[in-house]
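Each chain is listed here by its residues.
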Amino acid sequence: AKAIRLSAIRQISVLALINTRDRGKDAAGAALIDNEKTYCAIKYGKEIIDLISAEKSKTNKQTWMEDFITYWKDNAAKQRLFMGHCRAATTGEEGDNKNNHPIIVPAKLHNEAWKHTFIGIHNGIITNHSELFKDEGLDEKRIGEVDSEIIFQLIAKEVGDSEPTIEHLKTVAAKLEGDFSIIAS
């Protein structure tokens, strides 16, 4: 019965992602985060239907999504979070996966000793992202060109090597201008 429930959860999660494709057809991605804070992520600079069917190579006909689902099945007991995103590009070229969601920011970009990796998705537009990258001294840490990245860069900088708290998120949110909803781990 548990295996059936887990299979249903996987199917519903992928179907939910497919059903949000009208929200954004420029790129799609998903991530699984487990209890040990390890993750598996996929992202693709085309809409979700293309991600589902994209083959790894001409010689390897298995798709990226099949690999992702296999990882999910093999590690089901440890999984604590699934996040998926269909992107309507506003800033940052969607053909460059560094701009696509989920956004992945290793805290070691800020300090080699820090162990966290922050992963998240964002809907909306951060209108002051360029200013924040500059004012917060994050220009040299920038991975891509997308406005969403500033959220997760600020979280990494704010949290440092401590455990994330709601206060960290409130501090970051207070710096952001624009409209946004965020899922982060």
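All residue numbers refer to positions counted from 1 along the written sequence of the respective chain. The predicted origin of the model limits local features to residues at a pLDDT of at least 70 and limits the giving and counting of side-chain atom pairs to 80 or more, whereas totals for whole chains, interfaces and linings rest on all residues. Computation of side-chain values covers all heavy atoms of the structure but excludes hydrogens and water.

(A) Region of interest: the nonpolar core. Among buried residues, the Ala, Val, Leu, Ile, Met, Phe, Trp, Tyr and Cys ones that are joined through side-chain atoms within 4.5 Å form a nonpolar core. Burial classes follow relative accessibility: with a 1.4 Å probe on protein chains only, a residue under 20% of its type's maximum area counts as buried, one over 50% as exposed, and anything between as partly exposed. Ranked by size, the top nonpolar core spans 18 residues in total, and within it F118, I150, I151, F152, L154, I155 and L176 carry the most contacts. Secondary structure elements follow DSSP: runs of H or I no shorter than four residues count as helices, runs of E no shorter than two count as strands, and numbering proceeds from the N terminus. Secondary-structure elements contributing two or more residues to this core are β4 (103–106), β5 (117–126), α4 (129–135) and α5 (149–159). No other element matches α5, which puts 7 residues into this core. Leave out the neighbours within four places in its chain, and I151 touches H122, I126, V172, L176 and I182. Counting residues in each nonpolar core, the second largest holds 15 residues, with L17, I42, M65 and C86 among its members. Two residues form a contact once any of their heavy atoms are found within 4.5 Å.

(B) A look at the packing of aromatic side chains. Pairing of aromatic rings covers Phe, Tyr and the six-membered ring of Trp, with a centre-to-centre limit of 6.5 Å; geometry is then stacked below 30 degrees between planes, edge-to-face above 60, and tilted otherwise. This model, assessed by the stated rule, comprises 3 aromatic pairs. Taking 6.2 Å as the distance between ring centres and 65° as the angle between the ring planes, the aromatic pair formed by F68 and W72 counts as edge-to-face. Of this pair, F68 and W72 both sit in helix α3 (residues 64–74), 4 residues apart, which is roughly one turn of the helix. Exposure remark for W72: the relative accessible area of 6% places this residue in the buried category. When the ring of W72 is compared with that of F82, the centres are 5.0 Å apart and the planes differ by 10°; the resulting orientation is stacked. Highlighted residues: W72 in helix α3 and F82 in strand β3 (residues 79–87), separated in sequence by 10 residues.

(C) Inspection of α3 at higher detail. Among the residues of α3, those classed as buried are M65, F68, I69 and W72. Within α3, the buried residues cover an arc of 95° as seen down the axis, which keeps them to one side. Residues of α3 that are buried make contact with α1 (2–19), β1 (27–34), β2 (39–44), α2 (48–53) and β3. Picture the helix axis, draw a direction to every C-beta atom, and the arc is the one those directions span.

(D) Representation of the side chain of D147. With respect to the secondary-structure elements, D147 resides in the loop between α4 and α5. Here D147 is buried and forms no salt bridge, its nearest opposite-charge partner R87 lying at an N-O distance of 5.8 Å. A polar contact is formed between the side chain of D147 and the backbone nitrogen of I126, at a distance of 2.8 Å. Excluding residues within four positions of it along the chain, D147 makes contact with T90, T91, H122, G124, I125, I126 and H129. Positive charges are assigned to Lys and Arg, negative charges to Asp and Glu, while His and the chain termini are left out of the count. Whenever a carboxyl oxygen of Asp or Glu lies within 4 Å of a side-chain nitrogen of Lys or Arg, that contact is scored as a salt bridge. Pairs of N or O atoms are called polar contacts if they sit within 3.5 Å, as long as, within protein, a hydrogen donor faces a hydrogen acceptor (for residues adjacent in sequence, only side-chain-to-side-chain pairs).

(E) Representation of the packing of α5 against helix α6 (residues 166–175) in the model. Interaxial angles span 0 to 180 degrees and are taken between N-to-C directions of axes, which are lines fitted to C-alpha atoms, for helices over the stretch in contact. Here α5 crosses α6 at 135°, and the two axes come no closer than 9 Å. With respect to each other, α5 and α6 are oriented oblique. Viewed along their axes, α5 and α6 form a crossing whose handedness is right-handed. Contacts between α5 and α6 pair I151, L154, I155, E158 and V159 from the former with H168, L169, T171, V172 and K175 from the latter. Residue classes in the contact of α5 with α6 are distributed as 6 nonpolar, 2 polar and 2 charged. Each angle receives one of four descriptions, namely roughly parallel if under 35 degrees, roughly antiparallel if over 145, roughly perpendicular if within 65 to 115, and oblique otherwise. Should the near helix be turned anticlockwise from the far one by less than a right angle, the crossing is left-handed, and should it be turned clockwise, the crossing is right-handed. Residues are sorted three ways: Asp, Glu, Lys and Arg are charged, Ala, Val, Leu, Ile, Met, Phe, Trp, Tyr, Cys and Pro are nonpolar, and all the rest, Gly among them, are polar.

(F) Spatial organisation of the pairing of β4. Side chains I103 and V105 project from β4 onto a buried face, and the interleaved I104 and P106 project onto a face without burial. Here 4 bridges tie β4 to β5, and the two strands are oriented antiparallel to one another. If you follow P106 over to β5, its bridge partner there is T117. Pairing between two strands requires that DSSP report at least two bridges joining them.

(G) Molecular detail of the sheet that holds strand β6 (residues 178–184). The strand order β4-β5-β6 describes an open sheet built from 3 strands, whose pairing is antiparallel. The open sheet has two edge strands with one neighbour each: β4 and β6. Between one strand axis and the next, the sheet turns by 35° as a mean value, whatever way the strands run. Here β5 runs beside β6; their pairing, made up of 7 bridges, is antiparallel. Residue pairing in the sheet places I121 in a bridge with I183 of β6. Lying on the sheet, α5 is in contact with β4, β5 and β6; it crosses β5 at an angle near 135°.

Geometric values such as these leave the question of function open.
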